[in-house]
Amino acid sequence: MQKSPQGTLRQLSLKNKCVCVSEGLSVALWLMLTVREAQGTGTKSQDCADTMETEPSLPADAPRASMPDELCHPYSKFSDWKFKLFRVRSMEKAPLPSEPPLEKEAQMRVDVQGDARGLPGSVMKLCLGGKSKENVEGAGRRVDLKLQEIDTHMNHLRSLCRLCGVILRKAKGPEHEVQGNLDDSSKCALRRMGCKASSWSEVILKVFKVDVSGDMETIHPSRFCHRCWTVAMRGGGFCSFTRTRVPVWKPHTSHCLLCFPKRLILQRRGRKRSKPLRNAHCLPKRTKRDSSTPTGGNRVWRQTTDNPEAFGLRAWVKPAAQKTLWVKNITRCQKDHLSYRLLPGDLPKDFVNGVTCQVCEHLLSDPVQSPCLHLFCRTCIQKYSKSLGPQCPSCGILFNPCDLTSPAKAFLSVLNSLPLVCPREGCGEWVRFDSFGDHCLNHCLETNDDEGQDNSEQNLDGYLPVNKGGRPRQHLLSLTRRAQKHRLRELKNQVKAFADKEEGGDVKAVCLTLFLLALRAGNEHRQADELEAMMQGRGLGLHPAVCLAIRVNTFLSCSQYHKMYRTVKATSGRQIFQPLHTLRTAEKELLPGFHQFEWQPALKNVSTSWDVGIIDGLSGWTVSVDDIPADTISRRFRYDVALVSALKDLEEDIMEGLRERGLDDSTCTSGFTVVIKESCDGMGDVSEKHGGGPAVPEKAVRFSFTVMSITVQAEGEEEAVTIFQELKPNSELSCRPLCLMFVDESDHEMLTAILGPVVAERRAMKESRLILSIGGLLRSFRFYFRGTGYDEKMVREMEGLEASGSTYICTLCDSTRADASQNMVLHSITRSHEENLERYEIWRTNPFSESADELRDRVKGVSAKPFMETQATLDALHCDIGNATEFYKIFQDEIGEMYLKHNPTREERRRWRSALDKQLRKKVKLKPVMRMNGNYARRLMTREAVEVVCELVPSEERRKALRELMELYLQMKPVWRSTCPARDCPDQLCRYSFNSQRFAELLSTTFKYRYDGKITNYLHKTLAHVPEIVERDGSIGAWASEGNESGNKLFRRFRKMNARQSKTFELEDILKHHWLYTSKYLQKFMEAHKNSPKALQATINPEECPDNLDMADIPDF
């Protein structure tokens, strides 16, 4: 044969395979002859041309017109043609579950153009023998393919999480059934947090707001990952602290993203196929598999969920068995329905088919009948219809699920009277179908201790009725130690015998190893790793919240904590402390600006956004052109956002209070009332050698608040019920910082400008109510603010009064200093914030045109505009310090016999003070101070100190009066220092009026030389206003500013901890860490880890750890 130019050798590169065209032409010519013979006989029909694709035809005179269509075009897909030629049988089979369908099969077919008697348009028509896909596959075959697709789809669903959609193998930790019951550990943990749910579906409904009770295994995954379990446990079974987006699961379609994903995350993985050798003869895959080693050639592979590796192999499986397996994966009724094998073996086969379900092939359970008179289990036909469509599994007739009816009563009576053989070993009794459950219950009652049941044929526990009477068998962990020993006595003896024989008597090692293997078998690898680390004498990694609490409470800077983190990791070889970025993630949930909330009605002139963190304290400053830039730095939280964070921190205490009072959610419809104590005080000189920025005053002021109590008005109750009461209202752990500013507290204008926005937010919150999620439900809160934590100087600044040395001595009444010295006891509270505002307007406008002295006497000392409302009360801490200062001066005067002298010199007074300081330092170890403080005042105002001072007083009469004065003071002091005087000191409260009258009488007679026409501010308030305040508020000490004063030292320590070049960022860090220091959540972690130094020492160096330290006693979070 003469070669044409097209017949020369040409190398075609098709997927790195070199194919010689001349060899292909010889094969093509043989095929052409075969085609002509086939057309001559007339055995092939023209219908086969409709199933294959055609290439554009060439003119008749073209040199390549005599070739097949696959070889005509110079860019034809010869590799596809060759694949179809040698893999004809593979097109008659369904594709593998792991292989995506070919794009060729999804394209539309086109008819062949040209004469029917000419050459065929495609060689594949001849190879298929005129068979189309529709001819090869019947209706039953299409159902099998649909079942296979559903089975593949369900296998993909089993590898995903129901709630977050991630792959389960990526989320480390055990998996949990969505429809399963709570395990004992989770149930115990949720019960402690108030959740009474018994199944995971109830917890998921509350936490993720998703109803999983109607899930189907063909649409929804049946498990959820350990991450979602952590979210549910963290929320206490009521709410979620993270934003988990639950995906929308849809039924399987031809464009399903799980079976044919766009991303490579769910596609089949494997090693890349190696390139074949040049000119090497490649056998088909089936030939390669048949020519494998003898050891693997006899192995039978099936496509089951227990053997996922078999998906990649192409082994033949009986179609009926494969279809049954696919249907069982859809219905999942093996544990709920009885097998037909329990029937006697001599029954006719047609009769057995009549009483079995046509879907699951089990005995009919709650049978229903289709319009085509076929019988099914109700749940099985519902799942089958939702998965494969509403058609009969037996005959394929379409029907409406509403057309399913109950079979005839005669058939039901025959079904219930069927005899079943008990599968229990040693029984073999014939039992009626309707009484099979009672028979299984009798077996369990007869052998209560025998747990070895034959589950190879049936799981009898699934058919047992619910135990509605009698005492249920308690769980092992809920028993007492004595009962646990009694139940496990046989197992204990066996383990001890094994340990003595094999492990040298080490029973503990055997038990821990059994526990470790049980955890590994349950895929609880995290707990297994922790147990294994404990068995090897190594500690566990601490929770990020524990590390954050350790850092905040020990005042470690970033560099110090990182150095400790690296040192411990290098020493122990493990990561015990968490890195800094983990701590920053953990602190976001504790800082303001994390939780959502709403105000009804919306706050006036306040933004509705809730994700607001630390803001500039000068954000409300209105700057004009002529104003000088503010020479201060201020940082604060928004008031409403800070209150929300404080309430969320008290969520556990609120729910615990509701449980203790027996209040349900239905009785708490009126909302909660929250009482807030506000405190503001200057911190004095806080200058440091570090830092840069603008020249600002080295004096600071802190504004803080304390949640004092939370009450609720229950339905049917006359009085409000207190569900939370701050037990330590004067502790720095309960005083939460709101605003920090570098400003002098005596700078009235600057203080007004900074605290003005705080006052506006406070005024807006008093007229609205907060809607916040507590315990998984939206609840309403109203706030009452009481500004009581101010000293004398700050009250006069905020209420616009004159300084403390003014003629008008008191901030509670209008008395002058002379009136207060003449009448020390009989006074009442007359001042208020509204009255001070009115008096300021009179001072500003002077409507009566009076002189300065007359106008000052009319307004009673008001000289500036009051900008913040304060509660008319007495600050217990500063009252104690002020009275101690006055007693210190009385001691000096009594040592120098001031009652005999009129005008002592400065040297004499200095000598009296020196003698007093030496005596106190020598006798009571009390060192002198430049300025009176709380610690010095507490040690000075004692009976021991008075006796020491009386040694220097020459007159016995004066010593007696001094002792009586101190005794009266010590009897009055608990009344204003106690948080609840009616409970703590009822006798002193009843005698307070008498003691104050006697105290005033001593001052006006024995010590008249000092109090003739004058008296100090705090002595006046102590004698005149304490009973009235206690009667109105119930306490004075609980509303003191001691917590805010205790925070002064925290400010200095946090400033050293967060020393930075910029004072602005430094102030932000101080405010953030001070807020974390007051977090109840972190305080509970610190209380739980109070033995953390011992645990840390045992973790780093277990050899030096004492034997009496049990690592199992240290709680793990």
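The paragraphs below set out a description of the structure included in this document.

## Here we look at the overall build of the chain
Step number 1: Across its full length, the chain carries 45 helices and 17 strands.
Step number 2: Buried positions account for 43% of the 1117 residues belonging to the chain.
Step number 3: In the chain, 69% of the contacts between residues at least 6 apart in sequence involve partners at least 24 apart.
Step number 4: Here the chain has roughly 62,500 Å² of accessible surface; of this, 52% comes from carbon and sulfur atoms.

## Some words on unusual backbone geometry
Step number 1: Geometrically, the link from Gln600 to Pro601 is a cis peptide bond, its omega value of -10 degrees lying close to zero.
Step number 2: Relative to the helices and strands, Pro601 is located in the loop between strand 9 (598-600) and strand 10 (614-616).
Step number 3: Notably, Asp366 is not glycine yet its phi reads approximately 55 degrees, a positive angle.
Step number 4: Mapping Asp366 onto the fold places it in the loop between helix 14 (349-354) and strand 5 (367-369).

## What to know about the pattern of salt bridges
Two side chains that carry opposite charge are able to pair once their charged atoms sit near each other.
Step number 1: The full count for this structure, using the stated rule, is 45 salt bridges.
Step number 2: With its nearest N and O atoms 2.6 Å apart, the salt bridge here joins Arg1010 to Glu886. Of the two residues, Arg1010 sits in the loop between helix 39 (992-1005) and helix 40 (1017-1024) while Glu886 sits in helix 32 (residues 876-895), which places them 124 residues apart along the sequence. Glu886 carries the same exposure label as Arg1010, and that label is buried.
Step number 3: Note that Glu1066 is salt-bridged to Arg1055, the shortest N-O span being 2.5 Å. Here the residue Glu1066 occupies a position in helix 43 (residues 1063-1077), and Arg1055 occupies one in helix 42 (residues 1042-1057), the gap between them amounting to eleven residues.
Step number 4: Overall, the relative accessible area of 1% leaves Glu1066 in the buried class.
Step number 5: What makes Arg1055 buried here is its relative accessible area of 0%.

## Points about the environment of Phe241
Step number 1: Among the secondary structure elements, Phe241 is positioned in the loop between helix 10 (226-234) and helix 11 (285-290).
Step number 2: Accessibility expressed as a relative area gives 17% for Phe241, which makes it buried.
Step number 3: Sequence separation between Phe241 and Glu589 is 348 residues; the distance between their C-alpha atoms is 8.0 Å.
Step number 4: Those residues in contact with Phe241, other than ones at most four positions away along the chain, are Arg234, Gly235, Glu589, Phe594, His595, Lys648 and Glu651.

## Description of the nonpolar core
Step number 1: Membership of the largest hydrophobic core comes to 96 residues, with the highest contact counts inside it found for Tyr639, Phe703, Phe705, Leu755 and Phe783.
Step number 2: Ranked by residues supplied to this core, first place goes to helix 27 (residues 748-766) with eight residues.
Step number 3: Filtering out sequence-adjacent residues up to four positions away, Leu755 remains in contact with Cys680, Phe703, Met741, Met798, Phe867 and Met868.
Step number 4: With 60 residues, the next largest nonpolar core counts Ala820, Ala876, Leu965 and Val975 among its residues.

## Regarding the side chain of Asp1033
Step number 1: Turning to its location among the elements, Asp1033 is positioned in helix 41 (residues 1026-1033).
Step number 2: Those residues within four positions of Asp1033 in sequence are excluded, and the remaining contacts are Arg786, Gln871, Thr873 and Trp1039.

Basis of the calculations
Residues numbered from 1 in each chain as written. Predicted model: local features only at pLDDT ≥ 70, side-chain atom pairs only at ≥ 80, totals over all residues. Heavy atoms only, no water. Helix = DSSP H or I, 4+ residues; strand = E, 2+ residues; numbered from the N terminus. Buried < 20%, exposed > 50% of the residue type's maximum accessible area, 1.4 Å probe, protein only. Contact = heavy atoms within 4.5 Å. Areas by Shrake-Rupley, 256 points an atom, 1.4 Å probe, with all protein chains shown as cover. Salt bridge = Lys/Arg side-chain N within 4 Å of Asp/Glu carboxyl O. Core = buried A, V, L, I, M, F, W, Y, C linked by side-chain atoms within 4.5 Å.

Functional significance is not addressed by these values, which are geometric in nature.
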